[in-house]
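The chain contents come next:
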Amino acid sequence: MAARRSLAKRLTGLWDTTRTRGAQVVIRQLLRRVGIRAIPFYYVRELLPAEIPAALTTLPEGFLFEEFGENEVEVIASFREHGDEVSAPGLLDNLRRGNRCLGIRRGEEIVAFTWCALDASRSELYASVMQPNEAYLFNMYVKPSVRGHNIAAILRYKNYEVLRSLGRDTFYSITQASNKASWRFKQKLGAEKLLLGLYLSLFGRFEGRWILRRYPVRGT
């Protein structure tokens, strides 16, 4: 009986996870447990707007934008919730390699952050080298407690402002195909898909990447 109850509990948990996070996420988690990682993804381009309206970079009262250093990076390593295995040493290495971490506080609490790299992508899924006018954007996160304040969009446009001051006007990022919310967010920014790719890792012994489809690019 105990074994049956345990199995029923596991199946119930799997069903609840499937409903809340989606079948693709659950399947990927199950495959990962047996040593298989198969991740379809989009490589995405965003262009610097001709003008950035002040409303898109104006934070609600009590919020503050700043560039984060080592102390803040050690803090943000502790509250990631999207399933990535991110360690403080790994994030600090990001910082020391020249990547920049931009974030938002509410009072003393860190509530959002994002990263950008000026030299190359920072994803195992797809390697790309940035040109002098380009930047790679990655790892945006907003705490659930402040969602609904347009924090994600404001942080993105703040990031644009910082990169514009560095002579960057073209930005790339990667969105996993299962992450519909991330793609909807980028669509609102005027982003376009450049390609659909697949990353595959088998039992830690084989690793491969394939481009499955290229999309027409605006202006070409």
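What counts, and where the lines are drawn
Each chain has its residues counted from 1, following the order in which its sequence is written. With the structure being a predicted model, the display of local features is reserved for residues of pLDDT at least 70 and the display and counting of side-chain atom pairs for 80 or more, all residues being used for whole-chain, interface and lining totals. Computation of side-chain values covers all heavy atoms of the structure but excludes hydrogens and water. Exposure is judged per residue with a 1.4 Å probe applied to protein chains only, and the accessible area is read against the type maximum: over 50% gives exposed, under 20% gives buried, and values in between give partly exposed. A helix here means a DSSP run of H or I that spans at least four residues, while a strand means a run of E at least two residues long, and both kinds are numbered starting from the N terminus. Strand pairing requires that DSSP identify at least two bridges connecting the strands. For this analysis, residues touch if any pair of their heavy atoms sits within 4.5 Å.

A. Local environment of the pairing of strand 4 (residues 109-117). In terms of burial, strand 4 is a largely internal element, eight of the nine residues being buried. In terms of strand pairing, strand 3 (residues 100-106) meets strand 4 through seven bridges, oriented antiparallel. Within the sheet, the bridge partner assigned to isoleucine 104 lies in strand 4 and is alanine 112. From the end of strand 3 to the start of strand 4, which pair antiparallel, there are two residues, and glycine 107 there has a positive phi angle of about 65 degrees.

B. Layout of the environment of glutamate 74. As for its placement among the helices and strands, glutamate 74 is situated in helix 3 (residues 70-76). Exposure remark for glutamate 74: the relative accessible area of 43% places this residue in the partly exposed category. Sequence spacing of glutamate 74 and alanine 88 is 14 residues, and the spatial spacing of their C-alpha atoms is 5.3 Å.

C. Spatial organisation of the side chain of threonine 57. Here threonine 57 lies in the loop between strand 1 (36-47) and strand 2 (63-68). Not counting the four nearest positions on each side in its chain, threonine 57 is found in contact with Ile52, Ile154, Tyr157, Lys158 and Glu161.

Interpretation in functional terms is not warranted from these geometric data alone.
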